[in-house]
Amino acid sequence: MEQVQFIQVTPEQLQNAIIQGVKLHLEDLKKHFQPKTPNEYLSRQDVAEMLSVDVSTIHNWKSKGILKAHQIGGRVFYKRADIENAIVELKN
């Protein structure tokens, strides 16, 4: 085990140096922190209302691969993030 000796450093100075180091690391973590959000699943009807289209349009977009669907039992759901990512900005 390695030993470290502090010469001409008061306990208060050492404490302040440690606190500053921890603060720097915390600030760096805050800058790069991406909180995990739980997946929100929407029904076909929810997606149709969200996009102001008919439910059959949602089915057609799923068939064409525009929207990715997830199935649980006999029900079909869509991730909100997938729906939002499927919306692309038109370039003029």
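A few points on the structure.

Basis of the calculations
Every chain is numbered independently, its residues counted from 1 as its sequence is written. Local features in a predicted model are, by the rule used here, given only for residues with pLDDT of at least 70; side-chain atom pairs are given and counted only at 80 or more, and totals for whole chains, interfaces and linings are based on all residues. As a convention, hydrogens and water are excluded, and side-chain values are obtained from all of the structure's heavy atoms. Note on conventions: DSSP H or I runs of at least 4 residues are helices, E runs of at least 2 residues are strands, and numbering of each starts at the N terminus. Accessibility here uses a 1.4 Å probe with only protein chains present; expressed as a share of the type maximum, an area under 20% marks a residue as buried, one over 50% as exposed, and anything in between as partly exposed. For this analysis, a salt bridge means a side-chain nitrogen from Lys or Arg found within 4 Å of a carboxyl oxygen belonging to Asp or Glu. At least two bridges found by DSSP between two strands are what make those strands a pair. Between N-to-C directions, angles span 0 to 180 degrees; the directions come from axes that are lines fitted to C-alpha atoms, helices contributing only their stretch in contact.

## Here we look at unusual backbone geometry
No. 1: The backbone of Gln8 shows a phi angle near 60°, a positive value even though the residue is not glycine.
No. 2: Secondary-structure assignment places Gln8 in the segment before α1 (11-32).
No. 3: Accessibility expressed as a relative area gives 79% for Gln8, which makes it exposed.
No. 4: A positive phi angle is found at Ser52, which is not glycine, with a value near 55°.

## Re the pattern of salt bridges
No. 1: In total, this model carries three salt bridges according to the counting rule given.
No. 2: Among the ionic pairs, Arg80 bridges to Glu40, the shortest N-O distance being 2.8 Å. One end of the pair, Arg80, is in helix α4 (residues 80-86); the other, Glu40, is in the loop between α1 and β1 (41-43), and 40 residues separate them in sequence.
No. 3: The closest approach of N and O atoms between Glu84 and Arg80, which form a salt bridge, is 3.9 Å. Note that Glu84 and Arg80 are positioned in helix α4 at a spacing of four residues, about one turn of the helix.
No. 4: By relative accessible area, which is 43% here, Glu84 ends up partly exposed.
No. 5: Residue class for Arg80 comes out partly exposed when judged on its relative accessible area of 28%.
No. 6: Residues joined by salt bridges that share partners form a network here, namely Glu40, Arg80 and Glu84.

## Focus on the sheet that holds β1
No. 1: With respect to topology, three strands assemble into an open sheet ordered β1-β3-β2, the strand pairing being antiparallel. Lying at the two open borders of the sheet, with one neighbouring strand each, are β1 and β2 (70-72). Here the average twist between neighbouring strands, direction ignored, is 45°.
No. 2: The sheet contact formed by β2 and strand β3 (residues 75-79) spans three bridges and is antiparallel. Looking at β3, one finds that Gln71 is bridged to Val76.

Functional significance is not addressed by these values, which are geometric in nature.
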